[in-house]
Amino acid sequence: MKMEVKKDRAFQQAVGCLSPERAAELLTLAGQDGIEEVRLRAGWPPSVRTGSGERQTEFAPATAQELRETLSRAARYSVHSYAESMKHGFIPLEGGHRLGLCGTVAEENGQVVGVRGLSSVNLRVARQIDGLDDMLRPWVGNGAPESVLLLAPPGFGKTTLLRAWVRLVSDAGYPVSVADERGEIAALRDGVPQFDLGRCTDVLEGCAKAQAVLMLLKTMSPVLLAMDEITAPEDLRAIAVCAHCGTAVLASAHAANVDDLRRRPLYRALLALGVFSHALVITRHDGSRHYRWERLEGTSCSS
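What counts as what
Residues numbered from 1 in each chain as written. Predicted model: local features only at pLDDT ≥ 70, side-chain atom pairs only at ≥ 80, totals over all residues. Heavy atoms only, no water. Buried < 20%, exposed > 50% of the residue type's maximum accessible area, 1.4 Å probe, protein only. Helix = DSSP H or I, 4+ residues; strand = E, 2+ residues; numbered from the N terminus. Arc of directions from axis to C-beta. Contact = heavy atoms within 4.5 Å. Phe/Tyr/Trp six-rings, centres within 6.5 Å; stacked < 30°, edge-to-face > 60°. Lys NZ or Arg CZ within 6 Å of the ring centre and 35° of its normal. Disulfide = S-S within 2.5 Å. Pairing = 2+ DSSP bridges. Axes fitted to C-alpha atoms, helices over the stretch in contact; angles between N-to-C directions. Core = buried A, V, L, I, M, F, W, Y, C linked by side-chain atoms within 4.5 Å. Salt bridge = Lys/Arg side-chain N within 4 Å of Asp/Glu carboxyl O.

Caption draft 1: Seen up close, helix α7 (residues 209–219). Of all the positions in α7, only Lys209, Ala212, Val213, Leu216 and Leu217 are classed as buried. Buried residues along α7 cover an arc of 125° about the axis, so they all sit on one side. Opposite the buried face of α7, at more than 90 degrees from it, the exposed residues are Lys218 and Thr219. Those residues of α7 that are buried lie in contact with β8 (176–180), β11 (201–205), β12 (224–227) and α8 (233–244). Positive backbone phi, approximately 45°, marks Ser221, located one or two places after α7.

Structure representation (structure tokens):
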């Protein structure tokens with residue numbers, strides 16, 4: 001029986017790291033509510049996650065051998081070349097997609113150096129989503145950029161929103177710098193971003209945010225400096241440096257809302273810096289994303 005393949009270029013590109021047989025199976029699902037993740041767990045059929053949640057497919061279960069081959073394909077058969085990203089449990093893919101890894105952690109001198117004995121992999125599909133401009137423009141504003149924090153749980157579209165925000169500010173003529181530590185925001189290929197980040201944007205990829213911020217402030221004089229996923233004290237120091245230099249910051253954090261943010265010690269320290277006065281919160285209802293503008297002083301208004 002011939003399987004019908006739907007057109008979804010981002011999904012087609014992402015599943016290219018899978019075996020041809022597995023990719024062909026999954027491509028028959030493309031276009032169904034916009035698949036955001038594909039999970040292969042040893043001993044279980046693949047599952048896919050959309051805005052409506054995760055569901056299991058009826059395809060053949062993944063095997064340990066398939067997971068090993070998937071890692072090799074994702075790393076272009078040169079796993080050692082991805083040693084740095086594997087310390088953080090993922091392989092970056094062309095187009096901004098990412099393959100997350102789970103299994104037995106390998107350590108040297110008490111430091112994580114990679115993941116072996118894979119038990120599961122998670123293929124995250126990156127997309128450029130149009131249609132956010134009209135929603136974002138009132139918040140981006142017409143004057144000089146201000147510092148804003150993007151909040152949502154994992155997988156809710158923070159990076160997609162960050163890209164759109166950067167593009168609008170950049171195309172308005174303001175120089176924007178992007179500290180793209182994991183290569184997910186711009187997805188540089190031969191120096192060219194695979195996502196539209198605007199005409200006045202400079203990208204530094206593959207460098208820890210704290211170091212990238214210092215380099216970008218010294219060399220690119222950004223009016224806005226964008227970074228993804230604040231997760232460590234070093235990231236807070238980078239944001240503080242931006243504030244001292246008078247540069248606005250656009251950053252994201254894992255939190256369901258501002259109250260959730262305040263319950264976490266790292267983010268309480270982030271708020272104590274006084275850099276951010278507003279947050280844009282992403283929520284999901286009935287499979288659709290919704291956006292809410294909140295004042296970090298405690299008051300909020302919806303849109």
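Resuming the write-up.
Caption draft 2: Main features of the packing of aromatic side chains. Within the structure shown, the criterion is met by two aromatic pairs. An aromatic cluster is present here, built from Trp139, Trp165 and Trp293 joined pairwise through their rings. Positioned over the ring face of Phe195 is Arg163, at 3.8 Å from the centre of the ring. Its guanidinium or amino end placed over the ring of Phe156, Arg284 lies 5.1 Å from that ring's centre, counting from NZ or CZ.

Caption draft 3: Examining helix α5 (residues 133–140) more closely. Among the residues of α5, those classed as buried are Asp133, Leu136, Trp139 and Val140. One face of α5 carries all of its buried residues, which in axial projection span an arc of 125°. Exposed side of α5, more than 90 degrees from the buried face: Asp134 and Pro138 are the residues found there. Contacts from the buried residues of α5 go to α6 (158–171), β14 (278–285) and β15 (288–295). A positive backbone phi angle near 80° is found at Gly141, which sits one or two residues after α5.

Caption draft 4: Representation of the side chain of Arg167 in the model. Relative to the elements of secondary structure, Arg167 occurs in helix α6. Apart from the residues lying within four places of it in its own chain, the contact partners of Arg167 are Gln128, Asp133, Asp196, Leu197 and Gly198.

Caption draft 5: Representation of the state of the cysteines in the model. The final tally for this structure, using the stated rule, is zero disulfides. Of all cysteine sulfurs in the structure, the one in Cys245 sits closest to Cys242, which takes part in no disulfide; the separation is 7.0 Å.

Caption draft 6: Highlighting the sheet that holds strand β5 (residues 98–108). A sheet is described by the order of its strands in space; here six strands give the open sequence β3-β2-β1-β6-β5-β4, paired in antiparallel fashion. Unpaired on one side and paired on the other, β3 (53–56) and β4 (90–92) mark the two borders of the sheet. Going from strand to strand, the sheet's axes swing by 35° on average, the running direction of each strand aside. The pairing of strand β1 (residues 37–41) with strand β6 (residues 111–124) spans five bridges and is antiparallel. Within β6, the residue paired with Val38 across the bridge is Leu123.

Caption draft 7: Fine view of unusual backbone geometry. Positive phi outside glycine occurs at Ala187, with the angle close to 55°. Positionally, Ala187 belongs in the loop between β8 and β9 (188–189).

Caption draft 8: Local environment of the nonpolar core. Core analysis: the largest hydrophobic core is formed by 32 residues, its most contacted members being Phe11, Leu26, Val38, Ile91, Leu99, Leu101 and Leu123. Residue assignment for this core shows that the elements contributing at least two residues are α1 (9–14), α2 (20–27), β1, α3 (64–74), β5 and β6. Counting residues per element, this core draws most heavily on β6, at four residues. Not counting residues within four places of it along the chain, the set of residues in contact with Phe11 comprises Leu26, Leu27, Ala30, Ile35, Val38, Val125 and Arg127.

Caption draft 9: Molecular detail of the pattern of salt bridges. One pass over the full model with this rule turns up 27 salt bridges. Residues Arg39 and Glu37 are paired through a salt bridge, measuring 3.0 Å at the closest nitrogen-oxygen approach. Judged by its relative accessible area of 25%, Arg39 is partly exposed. When the shortest N-O distance is used, the salt bridge between Arg41 and Glu54 registers 2.8 Å. Taken together, the residues span a long stretch of sequence, with Arg41 in strand β1 and Glu54 in strand β3 at a distance of 13 residues. Note on Arg41: relative accessible area 31%, which makes it partly exposed. A network of salt bridges, in which partner residues are shared, links Glu36, Glu37, Arg39, Arg41, Arg49, Glu54, Arg124, Arg284 and Arg289.

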